[in-house]
Amino acid sequence: MSLIRPYGDTTGDGMVQLSFTLPIAHSKVAEGAAVQLANKMGMDPALVVHSKAMGEGFTFFVVYGRVNHLVDPSTVEVVERDYPLLTPKEANAAIKRSLRRRLVVVGGCIGTDAHTVGIDAILNIKGFAGEKGLEYYRELKVVNLGAQVSVPQLVEAAREEKADAVLVSQVVTQRDAHLLNTREMSAAFREAYPAAKRPLLVVGGPRFDETMAGELGVDRVFTRGTTPGEVASYIVHRLTNRTAS
């Protein structure tokens, strides 16, 4: 695959649009500072196409400009889906055939994270993106612990429910809270369970990097745009294959 350059107005012109906030009051000096930052980031020329005060002492900018960088798609590392997408009917049949009982999923938002939109989109029956959530699956028992669940509470709930899989959503990312919380969670499960008995650990959120599963000590990382069907298919694939082997 050949090298590529950003496309703005014409093919290969290298034009990109960037948005950011600076801790400076809205003024011409502020716009000059935004251009200076863009220049230091490799945008030249750079033009402020939008600026707006964001409360006292802060300004939001949209900058448009040219970069000379090239991208080599052949060197990009991503996590490709390595399991089949199953319909709810297919997932139910696979669970019934392999486990001969309901598959138990415990989920929630850990730490101080009170944003349940993500976990609810995956677990609640109403689902997301036209797909039903995991509660819709007849052979899944779903326990949604909600928001601000402590790691000890999560481990205790997983033990009590005999969870096969634990789903954790993290939206709050200040000071890498999502990474710290995930590492704490995975360490707690490693301590609480023998390796062969540990439930499948799955985390998701808009700021996660899918390639970090091993580093974070979890089995899978899902990012923005993930649908309930993708999560259900992964869990069923991993757990039914584990039983078969």
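Owing to the predicted nature of the structure, the values given are computational and were not obtained by experimental measurement.

About the thresholds
- Residues numbered from 1 in each chain as written.
- Predicted model: local features only at pLDDT ≥ 70, side-chain atom pairs only at ≥ 80, totals over all residues.
- Heavy atoms only, no water.
- Phe/Tyr/Trp six-rings, centres within 6.5 Å; stacked < 30°, edge-to-face > 60°.
- Helix = DSSP H or I, 4+ residues; strand = E, 2+ residues; numbered from the N terminus.
- Buried < 20%, exposed > 50% of the residue type's maximum accessible area, 1.4 Å probe, protein only.
- Lys NZ or Arg CZ within 6 Å of the ring centre and 35° of its normal.
- Pairing = 2+ DSSP bridges.
- Axes fitted to C-alpha atoms, helices over the stretch in contact; angles between N-to-C directions.
- Contact = heavy atoms within 4.5 Å.
- Right-handed = clockwise from strand over helix to strand, strands pointing away.
- Polar contact = N/O pair within 3.5 Å; in protein donor to acceptor, adjacent residues only side chain to side chain.
- Arc of directions from axis to C-beta.
- Parallel < 35°, antiparallel > 145°, perpendicular 65-115°, else oblique.
- Left-handed = near helix turned anticlockwise from the far one by under 90°.

Our focus in this paragraph is the packing of aromatic side chains. For the structure on display, the rule yields 4 aromatic pairs. Note on Phe20 and Phe61: the rings are 5.8 Å apart at their centroids and 40° apart in plane angle, and the pair reads as tilted. With a gap of 41 residues between them, Phe20 in strand E1 (residues 15-22) and Phe61 in strand E3 (residues 59-66) connect regions that are remote in the sequence. Since its relative accessible area comes to 12%, Phe20 is described here as buried. Considering the side-chain rings of Phe189 and Tyr193, the 5.8 Å spacing of their centres and the 15° angle between planes classify their relative orientation as stacked. For Phe189, a relative accessible area of 0% puts it in the buried group. By way of ring pairs, the aromatic residues Tyr83, Phe222 and Tyr234 are connected into one cluster. Here Arg81 stacks its cationic end above the ring of Tyr83, 6.0 Å away from the centre of that ring.

It is worth spelling out the sheet that holds strand E6 (residues 165-169) at this point. Spatial strand order, E5-E4-E6-E7-E8: 5 strands in an open sheet with parallel pairing. Both edges of this open sheet fall to strand E5 (140-144) and strand E8 (220-222), since each of them pairs with a single strand only. With direction set aside, neighbouring strand axes in the sheet form an average angle of 20°. Across 5 bridges, strand E4 (residues 103-109) lies against E5 in parallel orientation. For Val105, the partnering residue across the bridge sits in E5 and is Val142. With respect to the sheet, helix H4 (residues 151-161) is in contact with E4, E5 and E6, its orientation differing from that of E4 by roughly 165°. Across the sheet, helix H5 (residues 177-192) is in contact with E6 and strand E7 (200-204); its angle to E7 comes to roughly 175°.

On to the pairing of E7. By the criterion of burial, E7 is predominantly enclosed, with 5 of the 5 residues buried. Side chains Leu200, Val202 and Gly204 of E7 all project onto a buried face; the interleaved residues Leu201 and Val203 project onto the opposite face, where all are buried too. Pairing of E6 with E7 involves 5 bridges; the strand directions are parallel. Bridging from a neighbouring strand, Ser169 pairs with Gly204 of E7. Read from E6 through H5 to E7, the crossover connection turns out right-handed.

Another aspect to go through is the side chain of Thr59. Here Thr59 shows up in strand E3. When its relative accessible area of 0% is taken as the criterion, Thr59 is described as buried. Within the structure, the side chain of Thr59 is placed 3.0 Å from the backbone nitrogen of His26, a separation counted as a polar contact. If we skip the residues at most four places from it in the chain, Thr59 touches Phe20, Thr21, Leu22, Ile24, Ala25, His26, Ala30, Ser51, Lys52, Ala53 and Met54.

Following the sequence through the fold, Ser233 ends up in helix H7 (residues 228-244). Among the residues examined, Ser233 registers a relative accessible area of 1% and is labelled buried. Side-chain polar atoms of Ser233 contact the backbone oxygen of Gly229, separated by 2.7 Å. Those residues in contact with Ser233, other than ones at most four positions away along the chain, are Tyr83, Pro84, Leu85 and Leu86.

Further remarks concern H4. Among the residues of H4, Val151, Leu154, Val155, Ala157 and Ala158 are the ones counted as buried. Each buried residue of H4 sits inside an arc of 160° when the element is viewed along its axis, so together they form one side. Residues of H4 that are exposed and angled more than 90 degrees away from the buried face: Pro152, Glu156 and Glu160. Check the buried side of H4 and you find it contacts E4, E6 and H5. Phi turns positive one or two residues past the end of H4, at Lys162, with a value near 55°.

How two helices sit against one another is set out by the angle between their axes and by the gap between those axes. Close contact between H4 and H5 brings their axes to 10 Å; oriented N to C, the two are set at 45°. What the angle tells us is that H4 and H5 run oblique. Viewed along their axes, H4 and H5 form a crossing whose handedness is right-handed. Facing H4, whose interface residues are Val151, Leu154, Val155, Ala158 and Arg159, H5 presents Glu184, Met185, Ala188, Phe189 and Ala192.

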